[in-house]
Amino acid sequence: MNPSLITATNAPISPSPRPPLLCHFLTPSPLRLSQSQSPSRRRYRVSFPRCAATSSEQPLVSTKKSDVHGNKKELTGLQPIVEKMTPPVRLATSAVVLAASLASGYGLGLRLAGSRNIAFGAAAAAGAAGGAVVYAMNSAVPEVAAIGLHNYVAEIEDPASVTKDDIEKIASRYGVNKGDEAFQAEICDIYCRYVTSVLPAEGQSLKGDEVDKIVKFKSALGIDDPDAASMHMEIGRRIFRQRLETGEREGDAEQRRAFMRLVYVSALVFGDAASFLLPWKRVLKVTDAQVEIAIRENAKQLYAERLKLVGRDINVENLVDLRKAQLSIKLSDELAEDLFREHTRTVAIENISSALSVLKSRTRAVKSMSLVVEELEKVLEFNNLLVSLKSHSEADQFARGLGPISLIGGDSDFERRMDDLKLLYRAYVTDALSTGRIEENKLVAMSQLRNILGLGTREAEAISVDVTSKAYRKRLANAVTSGDLEAQDSKAKYLQKLCEELHFDAQKASAIHEEIYRQKLQQYVTDGELSDDNVAALLRLRVMLCIPQQTIEAAHAEICGSIFEKVVREAISSGVDGYDAETRKSVRKAAHGLRLSRETAMSIASKAARRVFTNYIRRARAAENRTESAKELKKMIAFNTLVVTEMVADIKGESSDKEPEEPIQVKEVDTEVEEWGSLESLKKTRPDKELAEKMGKPGQTEITLKDDLPDRDRIDLYKTYLLYCLTGEVTRIPFGAQITTKRDDSEYLLLNQLGGILGLTSKEIVNIHVGLAEQAFRQQAEVILADGQLTKARVEQLDELQKQVGLPQPQAEKVIKNITTTKMANAIETAVNQGRLNIKQIRELKEANVSLDSMIAVSLREKLFKKTVNDIFSSGTGEFDETEVYETIPSDLSIDVEKAKGVVHDLARSRLSNSLIQSVALLRQRNRKGVVSSLNDLLACDKAVPSEPLSWEVAEELSDLYDIYSKSDPKPAPEKVSRLQYLLGIDDSTATALREMEDGVFSSAAEEGNFVF
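Residues numbered from 1 in each chain as written. Predicted model: local features only at pLDDT ≥ 70, side-chain atom pairs only at ≥ 80, totals over all residues. Heavy atoms only, no water.

Trainee: An account of the overall build of the protein chain is requested, with residue identities and associated values reported.
Mentor: A tally of helices and strands in the protein chain yields 47 helices and two strands. Counting only residues that meet the buried cut, the protein chain has 43% of its 1013 residues in that class. A separation threshold of at least 6 residues defines the contact pool for the protein chain, and within that pool the share at least 24 residues apart is 76%. Surface summary for the protein chain: the accessible area is close to 54,400 Å², and the carbon and sulfur share equals 51%. (Helix = DSSP H or I, 4+ residues; strand = E, 2+ residues; numbered from the N terminus. Buried < 20%, exposed > 50% of the residue type's maximum accessible area, 1.4 Å probe, protein only. Contact = heavy atoms within 4.5 Å. Areas by Shrake-Rupley, 256 points an atom, 1.4 Å probe, with all protein chains shown as cover.)

Following this line, the structure appears as C-alpha cells:
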C-alpha cells in the first residue's frame, strides 16, 4: 500500500455526500451462497405446526427497518418449506419421506414386475430419491438459518440492540450450530456491515463512541476476535480498492482519512492483540510508523473534542473524566499535556481578544477600560484555578497539562502581536495605579499577567516603571502644588513613603527629581545667565526634592556648561584678530553669570582650546619641511598668547594688564639646568629682562596637550622647533641652491612657550637639549676619531668642539669613550675572525681594563676558546693542563665552564684518531720528528679524554711508531711511553724487544738512499 494512505491527513474533504463504505461494500460475503434479492419489501406471516416452538421463543421483529443491513432476503426452492419446519418436524418429515419413498418404490416394483427382487430394486431407487430430497431439505437448513438471521437483523430498528440470546434463539430454532460455515459467514457479514455503518461517513470525524458500539456488538454476536479482525482487514481492503478507483485528489485524501480512522478504531477494539490480529504491514504494506501516526492523530482529534466540552468552570470531575478518556483512547501524556495547554490557551485567548477589541475601538471611553480590565481579571481567575488544581492532593488522577497559562507557543499569532500584549499589560497596570497607590494583590496579579502574556522581565518592568513614573509625577506635583511637601519636617521620609505606596524604586524617583531640576534649570538659563531669584528657586526645589549636591553640580556642568561651551567656541573661532573687547565681555558674562565653578569653566575652555591646538599640530606634521612645520607651531604659540591666555584671564576674572606671577616652570628649569648651564640652546630659553619686556606677556601654561599627545610626539614637535631655532630658516633659490637665515634669540622664548603648550616638564626639556647636543658632538667626534686613535691633536680638536656645542666635560668624555670603545670592539672582533688574536693577547687586554664581554660576542669568544684548545692539541708537546683549559681560559673569555668542557671533549675525541692517522702517514714519509710530534698530540688528547687501545690494520707500523717515540730525542717521560704502549696495544715483551733493538727503522732506508745517490 502507498504510505500516503496514512500520512496525507490534511487533504481536502470531498463535498460528495456519498458514504464511502455503505454505497460500495454492502455485498454478500464470499463465504455465502449467492441469493436473489427482491427490490420490493415483503412481510411474511409464518404458520408453524403444532409441534413448533411457541411464540414466546421467537425473537421479536421490529416494525421499523434499519438501512445498515439492507433489505430482507427472499427464500427460494425448498427454503420456504424448510423455514416453516421446526427441527423435530423436519426430522419426522425426513423419516416419513424416506419411508414413503421406500414403500412406494417397493409397491410399484412389485405391482409392475411381479417379482420381489425387482420390488426391492425399485424400493432402493425410490429410497435414494427420497434420501436425496431429505438431504436437500436438511442441507438448506444452515442457509435458511442465515437468511433468517439476516432478515431479523434487517428488520430491527437498531442493530446494536441485538443480543447474544437473539442469535442463539435463531440458531436453536433452525437446529443449527453457530459454528456452521454459512451461519458464521452471515454473522461475520453482519459484523462487517455494522462496523462499516459505525465508522464516520465522508467528511465526518470520530465521535468517540464507535469503539464501545463495535465492542458491544461484537460481544452480542459472539464472534471471535480472529473472525472480527478479518472483517476489519476486509474493510481496509475495500477502502484500498475504492482509493484506487477514485481519480480525484479530494476523494483520495478522504479515503486516506477513512483508512486512518479504521486503523485507529481497530487498534482500540482489539487492544494489545491488534499487533498480530491486524497484519496491516503484511497485507496492505502499511508501516508501523504509519499505524502510530493514525492512532496518534485520531486520538488527538477525539481528545480535542472532549476538551471542547470543558470551559473556564473546570472542576475535579472534569479533570478525572479527561484522564480516563485519555487512557481509553490511547493518547500519550505528552500529547495530552500539549492539547490541554492549547485548550486553556484558547480559552484565555477569547478574553484577550475581547479585551484587545475594546482597547482598540475608536469609541473607547473610561467605561471601556473597565471592560478591558474585567476580561483580564477573567483570565487571571482562570489561571489561578488551574494553578490551584495543579497543587491538588489528587492531581495525579487529573488530566495532564495543568499549570499556568501562557500565550506564547501553540497556533496563536500573539508572538507576532507583542505590541498588542504590551498595550493590555499597560492598561492593567494603569488601572492598578488609578487610586494613586498599588496593593499587594495587584502586584501578584501583574506578575501572573506578565507570565500569561509572555512578556520578558525587562519589557514588563519598563512598562511598569513608565506607568508608575507617571503616577509618581502626578502625586509629586499635587504634593508640591498643595504645599504638603514643603510643610513636611522630613521631606525625605515623605518621598520615601510615597515610593513605598507606589512600590516605586527610590533610585528611579531620584532620577525623576533630577529630571525635574534639569527642566527647571533649562528654563531659567534661556537668557544666558542665572539671576538671584532663579538661584533661590532652584535651591528651594533642590531642598524639597532632596537632590544631592553632586547631582546639582553635574546638572549645572552639563546644561550651563553647554551654553558656556558655545560662547567659548564662538570666541575661539573668531581667531587671533577677532578676540576683541566685545568677545571678552561675552566670555566674562557667561563664565560668571552661569554660576559655573572655575574648575568646570576651565575644563570646558581647555577642551575647546586643545581642539584648536590639535588642528595646528596636525598641519605641522603634514608640512613639507621643517621650516613650514615651525611656522605652523609659531601660529599655535601666537594663538595661545593672544586668545587662550586672554580667555583664561577672563574666566578667572583677572585683568590682562596685571603683571603675571613668574611661572613655576622657570624655577624648575633653574633647578634642573644647574648641571647643564653651559648649553647655549638651554640658556637662550631663559631670556633676560630686556628681551622679556620686548616679547610682552608670556602665554598661559594651564591648558596643555599633555594628555592628548603621546610623549614621543610631544618631544618630536619640541625638537623640530628647537632645530629650527638652531639652524634658522632655509630658503631655496633657483638652480638647487638654498639660503639659511639665522633667527634671533626671541625664537627661543617662543620655544619655551611651546614647551608649556606641549606640557613638557623641565626634565624632559633638558633631556631634549642634551640629546641634541650629544648628537651634534657625536657626529663631529666620529669624523675626528675615524680610525679609533686618540692623539694630542685630536684631543685639542675635541675640546674645541665641546666648547662650541656647550656639552659638559663628563658627558663629552663619555661620548669619546663610547666612540673609541666601539672602534676598538670592531678591531678586536675583526682580529678574532681572522685568527690574529690569541689567549695571551686577550689577557693583556683584560689587564688594560678593556671590557671584552661587551666588545666580543659570546659566539666569537667560544670560537676563540675552541681555537686555543685546538692549538694545545696540535702543539706537539703532549701536555694538557686541566686547570688551565677547564678553568683559567674559560674565566678569561667569560664563557660557561660546562659548555667549555663539552667543547674540549668533542675536540679531543676527533683529534685522537686523526693524530694516529697523521702519525702513520708521517711514518710512511720517514719524518721522525713529525711522528714524535703527532704522537705527543695523541697523548694530549688522551689526557683530556682517556681512550681505549687503538686499532690499526698493520701492526708492524704501530710497533715502528712505538720504537721511534721511545727512542726520540729528547727522551720522553716514562709515563708517556707507557701510556703510548697501552694506546697502541703493544705487549711488554714486544716493547722490551723494540727498546733493545738498534735504531733500524730508518737504517735500511738510509742505506737505500746512499745507494741511490
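Having seen it, we continue.
Trainee: I'd like to hear about the side chain of Q753, residue by residue, with values.
Mentor: Tracing the backbone through its elements, the reader meets Q753 in helix α34 (residues 746-758). Given a relative accessible area of 14%, Q753 falls into the buried group. A polar atom in the side chain of Q753 sits 3.2 Å from the side chain of T641. Every residue in contact with Q753, bar those within four places of it in the chain, is listed here: I637, T641, P698 and G699. (Polar contact = N/O pair within 3.5 Å; in protein donor to acceptor, adjacent residues only side chain to side chain.)

Trainee: Could you give an account of the packing of helix α28 (residues 598-621) against helix α29 (residues 626-652), with specific residues and numbers?
Mentor: Two elements in contact, α28 and α29, have axes separated by 10 Å at closest approach and are oriented at 170°. One finds that α28 runs roughly antiparallel with respect to α29. Across the interface between the two elements, R598, A601, M602, A605, A609, V612, F613, Y616, I617, R619 and A620 of α28 pack against S629, E632, L633, K635, M636, F639, N640, V644, M647, V648, I651 and K652 of α29. (Axes fitted to C-alpha atoms, helices over the stretch in contact; angles between N-to-C directions. Parallel < 35°, antiparallel > 145°, perpendicular 65-115°, else oblique.)

Trainee: Give a description of a negative patch on the surface that names residues and reports values.
Mentor: On the surface, a cluster of negative charge is made up of E796, D799, E800 and E813. Among the elements that make up the negative patch, the one with the highest residue count is helix α36 (residues 792-805) (three residues). Along the chain, E796 turns up in helix α36. (Patch = residues over 30% accessible without salt bridge, like charges linked within 9 Å, V, L, I, M, F, W, Y side chains within 5 Å. Salt bridge = Lys/Arg side-chain N within 4 Å of Asp/Glu carboxyl O. Lys, Arg positive; Asp, Glu negative; His and termini not counted. Charge placed at Lys NZ, Arg CZ, Asp CG, Glu CD.)

Trainee: Describe the pattern of salt bridges, listing the residues and the values that go with them.
Mentor: In total, this model carries 44 salt bridges according to the counting rule given. One salt bridge connects E558 with R518, and the closest N-O pair in it is separated by 2.7 Å. Pair noted here: E558 is in helix α25 (residues 549-573) and R518 is in helix α23 (residues 506-524), with a separation of 40 residues, a long-range link. Take E558: its relative accessible area is 49%, and that puts it in the partly exposed class. K631 serves as the salt-bridge partner of E628, at 3.9 Å between the closest nitrogen and oxygen. Residue E628 and its partner K631 are both found in helix α29; the two are separated by three residues, about one turn of the helix. A relative accessible area of 36% means that E628 is categorised as partly exposed. Taken together, the shared-partner salt bridges in this structure form one network comprising E234, R237, R238 and R241.

Trainee: Give me the lowdown on α29, citing residues and values where you can.
Mentor: For α29, with 27 residues, the first-to-last C-alpha span of 37 Å sits near the 39 Å given by 1.5 Å per residue. Maximum bend of α29: about 35°, positioned at N640. Most of α29 is tucked away, with 20 of its 27 residues classed as buried. For α29, the capping residue at the N-terminal end is N625, with a side-chain oxygen 3.2 Å from the backbone nitrogen of T627. Downstream of α29 by one or two residues, G653 has phi in the positive range, about 80°. (Expected span 1.5 Å × (residues − 1). Bend = angle between axes of the 7 residues up to and from the residue.)

Trainee: Mind laying out the confidence of the model for the protein chain, listing which residues take part and the relevant values?
Mentor: It should be kept in mind that the predicted coordinates are not to be read in detail where pLDDT is low. Looking at the protein chain as a whole, the pLDDT averages 76, with 73% of positions reaching at least 70. Note that residues 1-66 has pLDDT below 50 and, in this model, 136 contacts with residues that lie over four places away or in other chains. The low-confidence segment residues 1003-1013, where pLDDT is below 50, has one contact with residues more than four positions distant or belonging to other chains. (pLDDT = per-residue confidence, 0-100.)

Trainee: Pulling in residues and values, what's your account of the packing of aromatic side chains?
Mentor: The full count for this structure, using the stated rule, is seven aromatic pairs. Seen from their ring centres, F259 and W280 are 5.4 Å apart, and the 80° between their planes marks the pair as edge-to-face. Placement of F259 in helix α11 (residues 249-270) and of W280 in helix α13 (residues 280-284) is noted, with a sequence separation of 21 residues between them. The buried category is assigned to F259, whose relative accessible area is 0%. Look at F880 and Y886: their rings are 5.9 Å apart centre to centre, the planes differ by 75°, and that puts the pair in the edge-to-face class. Site record: aromatic cluster; members linked through ring pairs are F613, Y616 and F639. Sitting over the face of the ring of F382, R312 holds its NZ or CZ atom 5.9 Å from the ring centroid. (Phe/Tyr/Trp six-rings, centres within 6.5 Å; stacked < 30°, edge-to-face > 60°. Lys NZ or Arg CZ within 6 Å of the ring centre and 35° of its normal.)

Trainee: I'd like to hear about the environment of Y748, residue by residue, with values.
Mentor: Inspection of the secondary structure puts Y748 in helix α34. We classify Y748 as buried; its relative accessible area is 4%. Once the C-alpha coordinates of Y748 and C725 are considered, the two residues, 23 residues apart in sequence, prove to be 6.7 Å apart.

Trainee: Describe the nonpolar core, listing the residues and the values that go with them.
Mentor: When a protein is soluble and globular, its nonpolar side chains tend to lie buried together. Ranked by internal contacts, the top residues of the largest apolar core, which has 179 residues, are Y191, W280, L424, Y472 and F564. The element that contributes the greatest number of residues to this core is α11, accounting for eleven residues. In this structure Y191 touches I214, F217, K218, L221, I223, A228, M231, H232 and V269, once residues within four positions along its chain are discounted. Within the second largest apolar cluster, 45 residues are counted, among which are F880, L950, L958 and L994. (Core = buried A, V, L, I, M, F, W, Y, C linked by side-chain atoms within 4.5 Å.)

Trainee: Could you give an account of unusual backbone geometry, with specific residues and numbers?
Mentor: What is expected of a backbone is that most residues other than glycine have negative phi and most peptide bonds are trans. Unusually for a residue other than glycine, K285 sits at a positive phi of about 60°. Within the fold, K285 resides in the loop between α13 and α14 (288-308). Taking the relative accessible area as the measure of exposure, K285 reaches 54% and is therefore exposed. In this structure, C546 takes a positive phi of about 55° despite not being glycine. Taking the relative accessible area as the measure of exposure, C546 reaches 38% and is therefore partly exposed.

Trainee: Which residues make up the packing of helix α20 (residues 457-482) against α23, and what are the values?
Mentor: Taken N-terminus to C-terminus, the directions of α20 and α23 make an angle of 55°; their axes are 11 Å apart at the nearest point. Relative to α23, the element α20 is oriented oblique. For the crossing formed where α20 meets α23, the hand is right-handed. When α20 is examined against α23, the residues E461, V465, S469, Y472, R473 and L476 are found in contact with a partner set consisting of K508, A509, I512, H513, E515 and I516. Grouping the constituent residues of the contact of α20 with α23 by class yields six nonpolar, two polar and four charged. (Left-handed = near helix turned anticlockwise from the far one by under 90°. Nonpolar A, V, L, I, M, F, W, Y, C, P; charged D, E, K, R; others polar.)

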